[in-house]
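Below, each chain spelled out in residue letters.
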Amino acid sequence: MIHWISRSTLCSRILPAIAIALASAGTGHAASSAFGCSGLETNRQLAVVEGEKGFFYRVIADLRMEQQLSEHTADEVALLAEALEAGGTTLVFVPIPTKSLVLPQYLPDTAKSDYGFDYGVAKSAYDDVIKRLRDHGIATVDLLERLRKDAGDEAPFFQADFHWTSSGARVSAEEIAAAIRALPGADDLKKASFQTKPTTRLSIISTMRRLLQSGCKDALPLPQTQGYETVETGGENTTTDIFGNDASGGTVALVGTSYSDLPASNFAGFLSQALSTPVTNYSISGGNQFGSITSYLTSEAFQTNRPRFLIWENPIYNNLGKFGDAPLIELSAAARQSCRTIDGEKISHPGANVISVAIGEGEVSDSAVIYAFSGDAHSRRATLRFELSDGHQFESSILRADRMVSTGRFYFPVRYFAREAPQRINLEFDRLSADAVAVSVCSPKAR
């Protein structure tokens, strides 16, 4: 997660039907549990409902009918797509549908009676997000029908966990590959041969199941799936460590959440097989909406070796506007790299891990972004400060969470405060290498 501290905060809306249901949960009589479970719907750590055949659904995430994508957020994602395309990379956005949309047949009656879940409403909200993204010119993959119909003998999602199984990952990879093959530039992808073979059945470490089990007498279904291994059988060797050097040129890159980072599901392997192209996986478990893509786009690996396609996987319930628009503006600035470097002679060092930067009059516009490189790739926190003409202080901080890959690179939107600022800004880092520090003024939009 990226924590932004600034003068403006965008708060996510509360889902009325679910909020009311949670407030009144426990007033009715819960249906009999097949596993001797009790209190699951009122569990403060993770409220769930128990469905049929051992399938459990999270109240907040899976029974959600309203998906949050404002026009402003859609505009910002479109700007990111444009910035990436300007550098030769096509963004392919993949919103994963909720478990209740994919597997409604196992939902309990209480999903409707107690929580007001209506499949038609939830489906319309999902379709609206897909349409809105596409209307903004963003290549967006709709996985719902394939996941509902073609997962095979194994369900596309685990019973007592929210992740997809290898079957769900496989059909999703095939759908994404089909969408990419229809896009300009697909014919230029580097070709390679892959072979995918089944291995043993694999288990995942499931925090969700562990939380549920504490409220159940009998053992819940284990989160197991058929394992697969995908190996390259022809073409150049393109094995890459995360954010390491990729001699292949990185034709396709994958960023996303734990869905993409789950070894047992073999998602990146299935993508490579379906595309006949090596897919480098930069996904991060626990990174939420922006952890993986921010780590990647601010890395030297991206700047020096951009992929032709960037697949961005995100569960549809991950609100891209949750932290305001600063994370998306940062991504657009990092992707476009339309920056003007400030001369090192204008940078001084007034204190430990602090630099002071002299700015010429009019050098920073209201739409500009200040790029700061601490000179130390292990740096995870940076704070921009300057005094406004009325004496008030502007302060904005960026913190890279522990699960993110640190790069030491930060992008700060200054917005309309630039016109009120004097000609000097201060930047403070948790780690600083004075010899390598760099500051630039960037634009997230085409000039």
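Residues numbered from 1 in each chain as written. Predicted model: local features only at pLDDT ≥ 70, side-chain atom pairs only at ≥ 80, totals over all residues. Heavy atoms only, no water.

(A) Examining the sheet that holds strand S10 (residues 309-315) more closely. Strand order in the open sheet made by the 5 strands is S5-S4-S10-S8-S9, with parallel pairing throughout. Of all strands in the sheet, those with a lone pairing partner are strand S5 (139-140) and strand S9 (279-281), marking the two edges. Of the strand pairs in this sheet, strand S4 (residues 90-96) and S10 are connected by 7 bridges, and their pairing is parallel. Of the residues in S10, the one forming a bridge with Val 92 is Ile 311. (Pairing = 2+ DSSP bridges. Helix = DSSP H or I, 4+ residues; strand = E, 2+ residues; numbered from the N terminus.)

(B) How the structure looks around the packing of aromatic side chains. Taken as a whole and judged by the stated rule, the model has 13 aromatic pairs. Summarising the aromatic geometry, the rings of Phe 35 and Phe 56 are spaced 6.1 Å apart at their centres and angled 45° between planes, so their arrangement reads as tilted. Of this pair, Phe 35 sits in the loop between helix H1 (16-24) and strand S2 (48-50) while Phe 56 is found in strand S3 (residues 56-58), placing the two residues 21 residues apart along the sequence. Accessibility classification places Phe 35 together with Phe 56 in one group, the buried group. Sitting over the face of the ring of Tyr 57, Lys 99 holds its NZ or CZ atom 5.6 Å from the ring centroid. Positioned above the aromatic ring of Phe 373, the side-chain terminus of Arg 409 is 4.5 Å from the ring centre. (Phe/Tyr/Trp six-rings, centres within 6.5 Å; stacked < 30°, edge-to-face > 60°. Buried < 20%, exposed > 50% of the residue type's maximum accessible area, 1.4 Å probe, protein only. Lys NZ or Arg CZ within 6 Å of the ring centre and 35° of its normal.)

(C) Structural detail: the state of the cysteines. All chains considered together, the criterion is met by 2 disulfides. Each sulfur of the disulfide joining Cys 37 and Cys 216 lies 1.9 Å from the other. Because the torsion about its S-S bond is 105°, the bridge between Cys 37 and Cys 216 counts as right-handed. Of the two residues, Cys 37 sits in the loop between H1 and S2 while Cys 216 sits in the loop between helix H9 (207-213) and strand S7 (224-234), which places them 179 residues apart along the sequence. Of the residues examined, Cys 37 reaches a relative accessible area of 14% and is grouped as buried. At a sulfur-sulfur separation of 2.1 Å, the disulfide partner of Cys 339 is Cys 442. Between Cys 339 and Cys 442, the S-S dihedral sits near 110°, and the bridge is therefore right-handed. One end of the pair, Cys 339, is in strand S11 (residues 338-341); the other, Cys 442, is in strand S19 (residues 438-443), and 103 residues separate them in sequence. By relative accessible area, Cys 339 is classed as partly exposed at 28%. (Disulfide = S-S within 2.5 Å.)

(D) Structural view of the confidence of the model for the protein chain. Scored by pLDDT, the protein chain comes out at a mean of 89, with 88% of its residues at no less than 70. Taken together, the stretch residues 1-30 has pLDDT below 50 and engages in 65 contacts with residues farther than four places along the chain or on a different chain. Counting contacts from residues 237-250, a segment whose pLDDT is below 50, to residues more than four positions away or on other chains yields 27 contacts. (pLDDT = per-residue confidence, 0-100. Contact = heavy atoms within 4.5 Å.)

(E) Up close: the pairing of strand S18 (residues 424-429). A one-sided burial pattern is seen for S18, the buried positions being Ile 425, Leu 427 and Phe 429 and the unburied ones Arg 424, Asn 426 and Glu 428. Pairing of strand S13 (residues 354-358) with S18, which is carried by 5 bridges, proceeds in the antiparallel orientation. In the strand pairing of S18, Ile 355 is matched with Leu 427. When strand S15 (residues 381-387) meets S18, the two strands line up antiparallel, connected through 4 bridges. Across the sheet, residue Leu 384 finds its bridge partner in S18, namely Leu 427.

(F) Geometry of the side chain of Asp 376. In this structure, Asp 376 sits in the loop between strand S14 (369-373) and S15. There is a polar contact of 3.0 Å between the side chain of Asp 376 and the side chain of Arg 431. (Polar contact = N/O pair within 3.5 Å; in protein donor to acceptor, adjacent residues only side chain to side chain.)

(G) Inspection of helix H3 (residues 71-86) at higher detail. The terminal C-alpha atoms of H3, which comprises 16 residues, lie 22 Å apart, in line with the 22 Å expected from a rise of 1.5 Å per residue. Restricting attention to buried positions, one finds in H3 the residues Thr 73, Ala 74, Glu 76, Val 77, Ala 78, Leu 79, Leu 80, Ala 81, Ala 83 and Leu 84. Contact partners of the buried residues in H3: S4, helix H6 (119-135), helix H11 (291-297), helix H12 (300-304), S10 and helix H13 (326-336). Gly 88, located one to two residues past H3, shows a positive phi value of around 95°. (Expected span 1.5 Å × (residues − 1).)

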